[in-house]
Amino acid sequence: KQVTERLQGRLTVPWRVIYNGVDLEFWHPSKRRTEGEKLRAKLGIPDHAKVLLFVGRLNPGKGSVEAVEAFEFAAVRDAHFLVVGSFHVIHGHDDAYLDRLKSAANRVPGKVHLIGSVPQSELPAYYSASDAVIVPTIASEGLPKVVTEALAMGKPVIASDRGGIWELLEDGVSGW
């Protein structure tokens, strides 16, 4: 509402904010714990390791390459990064960007896992396997559904200050 009024002037009609909802029975952390444990084992990720998760389109505006490069630079011991997203991007496809992502992942072998496209029915396992979710958007953004999915799964979110993301996160409580 604040952004709309700043851009368009005071609202003169009744209004309310409606967030992207998620099915809390589907996105239920305790129901998905075993799936997350199995996924970690399949990917060779030890139980004690910390796992960061990115879910989204692999195009320049989403910041996935920048996040993987920052992960590489940080060199955190016993940390892994799961990147879930299709390499066959329809809108904003950029071969050079995807090559840069693959190169960054190859520089930290066994730590960055380029998963590719995952059916919606399997996504909760990836959230369950993670310790935090990153939304590193560098372009304009609305309110990515990944934020509500992560919060429903009880995962903190590390996000860019873009669009409506800040409306759902409380800094230091539900994310950063």
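Sequence order sets the numbering: in each chain, residues are counted from 1 along the sequence as written. In view of the model being predicted, local features appear only for residues whose pLDDT reaches at least 70, and side-chain atom pairs are presented and counted only at 80 or more, with totals across whole chains, interfaces and linings using the full set of residues. Water and hydrogen atoms were dropped before computing side-chain values, which therefore reflect all heavy atoms in the structure.

## Notes on helix 2 (residues 29–43)
The end-to-end C-alpha separation of helix 2 is 20 Å, in line with the 21 Å expected for 15 residues at 1.5 Å each. Only protein chains enter the accessibility calculation, which uses a 1.4 Å probe. A residue is then buried if its area is under 20% of the maximum for its type, exposed if over 50%, and partly exposed in between. Helical segments are the DSSP runs of H or I of at least four residues, strand segments are the runs of E of at least two, and each set is numbered from the N terminus. For helix 2, the full list of buried residues reads Arg-32, Gly-36, Leu-39 and Arg-40. Contacts were defined at the residue level, with two residues in contact if any of their heavy atoms lie within 4.5 Å. Residues of helix 2 that are buried in the fold lie against strand 1 (50–55) and helix 5 (123–129). Where helix 2 ends, the next residue or the one after it, Gly-44, has phi of about 75 degrees, a positive value. In this scheme, a helix's expected span is set at 1.5 Å multiplied by one less than its residue total.

## Re the environment of Leu-43
One can find Leu-43 in helix 2. Judged by its relative accessible area of 23%, Leu-43 falls in the partly exposed class. Taking the C-alpha atoms as reference points, Leu-43 and Pro-109, separated by 66 residues in sequence, lie 12 Å from one another. Beyond its immediate stretch of four places on either side in the chain, Leu-43 contacts Leu-82, His-113 and Ile-115.

## Quick notes on the sheet that holds strand 4 (residues 132–135)
On the basis of which strands lie adjacent, the open sheet formed by five strands has the order 3-2-1-4-5 and parallel pairing. Across the chains shown, the open sheet's two edge strands, defined by having one partner strand only, are strand 3 (112–116) and strand 5 (157–159). Direction aside, the axes of adjacent strands within the sheet are offset by 25 degrees on average. Strand pairing is defined by DSSP finding a minimum of two bridges between the two strands. When strand 1 meets strand 4, the two strands line up parallel, connected through two bridges. The partner of Leu-52 across the bridge, within strand 4, is Ala-132. Axis definition: a line fit to C-alpha positions, over the contact stretch in the case of helices; interaxial angles, taken between N-to-C directions, run 0 to 180 degrees.

Geometric values such as these leave the question of function open.
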